[in-house]
Amino acid sequence: MERNNLYPIFLKTSQLNVLIVGGGNVAEEKLGFLLKSSPDANVTMVSPMFRAGTLTLAEKGQVKLIESKYKKRFLKGHHIVIATTDVPEVNIKVHKHCRKRSILINVADNPPYCDFYMGGIVTKGNVKVAISTNGKSPTTAKRLRQFFEDVIPENVDDLVKNLNEYRKTIKGDFEQKVETLNEFTKGLIETSAIKSNQEE
Ligand SMILES: C[C@@]1(CC(=O)O)C2=NC(=C\c3[nH]c(c(CCC(=O)O)c3CC(=O)O)Cc3[nH]c(c(CC(=O)O)c3CCC(=O)O)/C=C3\N/C(=C\2)[C@@H](CCC(=O)O)[C@]3(C)CC(=O)O)/[C@H]1CCC(=O)O
Ligand SMILES: NC(=O)c1ccc[n+]([C@@H]2O[C@H](COP(=O)([O-])OP(=O)(O)OC[C@H]3O[C@@H](n4cnc5c(N)ncnc54)[C@H](O)[C@@H]3O)[C@@H](O)[C@H]2O)c1
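Residues numbered from 1 in each chain as written. Chains lettered and ligands numbered in written order. Predicted model: local features only at pLDDT ≥ 70, side-chain atom pairs only at ≥ 80, totals over all residues. Heavy atoms only, no water.

Participant: Residue-level account of the site of ligand 1, with values.
Facilitator: Close contacts around ligand 1 come from 19 residues, with K30, T133, T139, K142 and R145 the closest. Between ligand 1 and the protein, one listed contact pairs an oxygen atom with a backbone N or O atom of N134 at 3.3 Å. Compared with its free state, where it exposes 1,100 Å², ligand 1 has 72% of that area covered by protein. Mapping ligand 1 onto the cavity grids shows that it belongs to the largest pocket. Looking at the shell around ligand 1, the element that brings in the most residues is helix α4 (residues 138–151), giving 5 residues. Residue composition of the shell around ligand 1, grouped by class: 7 nonpolar, 8 polar and 4 charged. If you count residues domain by domain, the shell around ligand 1 takes at least three from each of domain 1 (1–118) and domain 2 (119–154). (Near = heavy atom within 4 Å. Polar contact = N/O pair within 3.5 Å; in protein donor to acceptor, adjacent residues only side chain to side chain. Areas by Shrake-Rupley, 256 points an atom, 1.4 Å probe, with all protein chains shown as cover. 1 Å grid on protein atoms, 1.4 Å probe; cavity = no way out; pocket = protein on both sides within 12 Å on 5 of 7 lines; lining within 4 Å. Sits in = over half its atoms within 2 Å of the grid points. Helix = DSSP H or I, 4+ residues; strand = E, 2+ residues; numbered from the N terminus. Nonpolar A, V, L, I, M, F, W, Y, C, P; charged D, E, K, R; others polar. Domains from an automatic or database assignment.)

Participant: Which residues make up the layout of surface pockets, and what values do they have?
Facilitator: In this structure, the largest pocket encloses a volume near 1,600 Å³. In terms of lining, the largest pocket is formed by 49 residues, of which the most central are Y117, M118, G119, G120 and I121. Within the residue set of the lining of the largest pocket, elements represented by two or more residues are α1 (25–37), β4 (80–83), β5 (104–107), β6 (120–124), β7 (127–131) and α4. In terms of residue class, the lining of the largest pocket is built from 25 nonpolar, 14 polar and 10 charged. Looking at which domains feed residues into the lining of the largest pocket, each of domain 1 (1–118) and domain 2 (119–154) gives three or more. (Points joined across faces, edges and corners; volume = space filled by probe spheres on them.)

Participant: Explain the site of ligand 2 residue by residue, including any values.
Facilitator: Neighbouring ligand 2 are 18 residues, the closest being G23, N25, V26, M49 and Y70. Here G23 contributes a backbone N or O atom positioned 3.0 Å from an oxygen atom of ligand 2. A distance of 3.5 Å separates an oxygen atom of ligand 2 from a polar side-chain atom of D86. Here ligand 2, which alone exposes 830 Å², has 64% of that area covered by the protein. At the level of elements, α1 and β2 (42–47) are the ones that each hand at least two residues to the shell around ligand 2. Of the residues contributing to the shell around ligand 2, the split by class is 8 nonpolar, 7 polar and 3 charged.

Participant: So what about the sheet that holds β5? Which residues, and what values?
Facilitator: With respect to topology, 5 strands assemble into an open sheet ordered β3-β2-β1-β4-β5, the strand pairing being parallel. Of all the strands in the sheet, the pair left with one neighbour each is β3 (62–67) and β5. Across the sheet, the mean angle separating the axes of adjacent strands is 15° when strand polarity is ignored. Looking at chain direction, strand β1 (residues 17–21) and β2 are connected through 5 bridges and run parallel. (Pairing = 2+ DSSP bridges. Axes fitted to C-alpha atoms, helices over the stretch in contact; angles between N-to-C directions.)

Participant: Kindly report on the domain arrangement of the chain, identifying the contributing residues and their values.
Facilitator: Here the chain is partitioned into domain 1 (1–118), domain 2 (119–154) and domain 3 (156–199). Put simply, the middle of domain 1 and the middle of domain 3, counted by C-alpha atoms, are 38 Å apart.

Here it is, written out as structure tokens:
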């Protein structure tokens, strides 16, 4: 069986600078998903035109819009770039410039030119689940995202917060703490395993 070897990380986008090249449909979609997950992300967009929806999204977040064609000087200070123009040569040029500067680049919808893929993302309070199909089926990633949005309970965050409090009260060294926390939370897995067995 093929296997997804990508390594997911959870970026602190409020401490990083993201550049989106292009201001059309794809740019707006990527910006929308980025801000849905990370409303505090620092984003710059460069494009000769922006959609009305992009202007609205930009007003809500930390988004700077530059009305211009792409130039490599716009890469300065950016850690991550997403290229979305409708001119393949421009996207490939951006890819080349980023590679030269060790900046992570995603050419939207173009897997061979991606250092990373955007994922389907579910956020419930402190809990976040990110989904990838290894670039094989974005539609499946979207459907799985919708599925998990439904099945992960809203109050999962209460569990996280309570355990965070409980963790502070446990006495002993690190190993004892780990053991106590694992013993305390064992039931969570057992209960859901029993439940799903009963449902089968
Ligand atoms: C998850 C999500 C996140 C996001 O966009 O932020 C995302 N695509 C989403 C939706 C979506 N994109 C497309 C459709 C139309 C149906 C279809 O083609 O399936 C739909 C579904 C819809 O809109 O209903 C078009 C499309 N996308 C890519 C290709 C090229 C190819 O597959 O070769 C084509 C065909 C272009 C063409 O035909 O020309 C490629 C990529 N899209 C990825 C991410 C990366 C892989 C993620 C993974 O590993 O699974 C990857 C590799 C690179 C990247 O762009 O990062 C977001 C769902 C968010 C959500 O709803 O939660
Ligand atoms: N719209 C979709 O759902 C979709 C799906 C899959 C693939 N695609 C492909 O993705 C690409 C982008 O699609 P779109 O719908 O966003 O196109 P679009 O025409 O809506 O947007 C293209 C954007 O790129 C900007 N642009 C053009 N040249 C530029 C340059 N030199 N520097 C900076 N910005 C520049 C334009 O001003 C515009 O804002 C196309 O190649 C399209 O075939 C689109």
